[in-house]
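This is what each chain is made of:
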Amino acid sequence: MELLKLAALDAEDLTVISAHLQDAVLNVADLTFLAAEHRFVLALRRFDWQAPETPRRRLAGLHFERVLGVRTRGLTPGDTSLSLLAITFEETEAPSGIVTLLFSGQAAIRLDVECIEARMKDLGPVWEADSRPGHAAPASGPSA
């Protein structure tokens with residue numbers, strides 16, 4: 001099996017990384033902001049959406065460069081597990097903007113970045129997952 005390696009230099013690239021990391025799980029202890037290096041790093045256990053019939057997870061690393069600041073909402077050091085829902089980008093003053101990592105339970109991490117520069121890489125270990133992540137169907141609007 002080939003290890004997945006992805007880079008993001010724009011919002012479209014970041015959307016691809018977000019799709020591969022949807023439903024990844026991690027602990028607050030797996031997050032690190034290296035302020036002197038302007039780098040934000042995290043280790044995740046991503047669900048392998050491309051896996052055959054047997055659901056599995058892979059250890060992966062993700063890092064963002066050119067990070068000027070980090071803010072969090074709804075995260076506490078005692079959190080044992082977070083589930084990543086999506087990674088978004090909102091441009092402020094091109095090419096600067098805000099990268100947001102959105103987690104279940106309305107937790108979020110906001111990265112103020114000079115520009116998008118991110119890399120994701122599988123780190124090797126693979127194991128069978130208990131099940132496939134499930135998502136509730138969106139509520140339908142009022143009928144006419």
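Criteria and cut-off values
- Residues numbered from 1 in each chain as written.
- Predicted model: local features only at pLDDT ≥ 70, side-chain atom pairs only at ≥ 80, totals over all residues.
- Heavy atoms only, no water.
- Helix = DSSP H or I, 4+ residues; strand = E, 2+ residues; numbered from the N terminus.
- Contact = heavy atoms within 4.5 Å.
- Core = buried A, V, L, I, M, F, W, Y, C linked by side-chain atoms within 4.5 Å.
- Buried < 20%, exposed > 50% of the residue type's maximum accessible area, 1.4 Å probe, protein only.
- Arc of directions from axis to C-beta.
- Polar contact = N/O pair within 3.5 Å; in protein donor to acceptor, adjacent residues only side chain to side chain.
- Salt bridge = Lys/Arg side-chain N within 4 Å of Asp/Glu carboxyl O.
- pLDDT = per-residue confidence, 0-100.
- Pairing = 2+ DSSP bridges.

Caption draft 1: Broad picture of the environment of Thr92. Note on placement: Thr92 falls in the loop between strand E7 (82-91) and strand E8 (97-103). Along the primary structure Thr92 and Asp112 are separated by 20 residues, whereas in three dimensions their C-alpha atoms are 9.6 Å apart. In this structure, Thr92 is in contact with Gly97 and Ile98, ignoring residues within four places of it in sequence.

Caption draft 2: Inspection of the nonpolar core at higher detail. Residues Leu42, Leu62, Phe64, Ile87, Leu101 and Leu111 are the most contacted members of the largest nonpolar core, which totals 29 residues. At the level of secondary structure, the elements contributing two or more residues to this core comprise helix H1 (11-21), strand E4 (39-47), strand E5 (56-64), E7, E8, strand E9 (108-113) and strand E10 (118-128). If near-sequence neighbours (up to four positions away) are discounted, Phe64 is found in contact with Leu14, His38, Arg39, Phe40, Leu42, Ile87, Val99, Leu101, Leu111, Glu117 and Ala118.

Caption draft 3: Here's a closer look at the environment of Glu90. With respect to the element layout, Glu90 can be found in strand E7. As a C-alpha pair, Glu90 and Asp112 span 22 residues in sequence and 9.8 Å in three-dimensional space.

Caption draft 4: Structural context of H1. Within the span of H1, buried status applies to Leu14, Ile17, Ser18, His20 and Leu21. Relative to the axis of H1, the buried residues are bounded by an arc of 165° and lie together on one face. Away from the buried face of H1 by more than 90 degrees, exposed residues Glu12 and Thr15 are located. The N-cap of H1, judged by a side-chain oxygen 3.2 Å from the amide nitrogen of Glu12 a few residues on, is Asp10. One or two residues past the end of H1 sits Asp23, with phi positive at roughly 75°.

Caption draft 5: The arrangement of the pattern of salt bridges in detail. On inspection of all chains with the given rule, the structure shows 11 salt bridges. With its nearest N and O atoms 3.9 Å apart, the salt bridge here joins Asp122 to Arg58. Residue Asp122 is found in strand E10, and its partner Arg58 is found in strand E5; the two are separated by 64 residues along the sequence. For Asp122, a relative accessible area of 1% gives the class buried. One continuous salt-bridge network, built from bridges that share partners, spans Arg46, Asp48, Arg56, Arg58 and Asp122.

Caption draft 6: Structural detail: the confidence of the model for the protein chain. For the protein chain, the mean per-residue pLDDT works out to 87, and 85% of the residues sit at or above 70. Here residues 137-144 is modelled with pLDDT under 50, and outside its nearest four sequence neighbours on either side it reaches zero contacts, counting other chains as well.

Caption draft 7: Looking closely at the pairing of E5. Of all nine residues making up E5, seven are buried, and the element is well covered by its neighbours. In this sheet, E5 lies alongside E4 in antiparallel orientation, the contact comprising eight bridges. Residue pairing across strands places Phe40 opposite Phe64, the latter belonging to E5.

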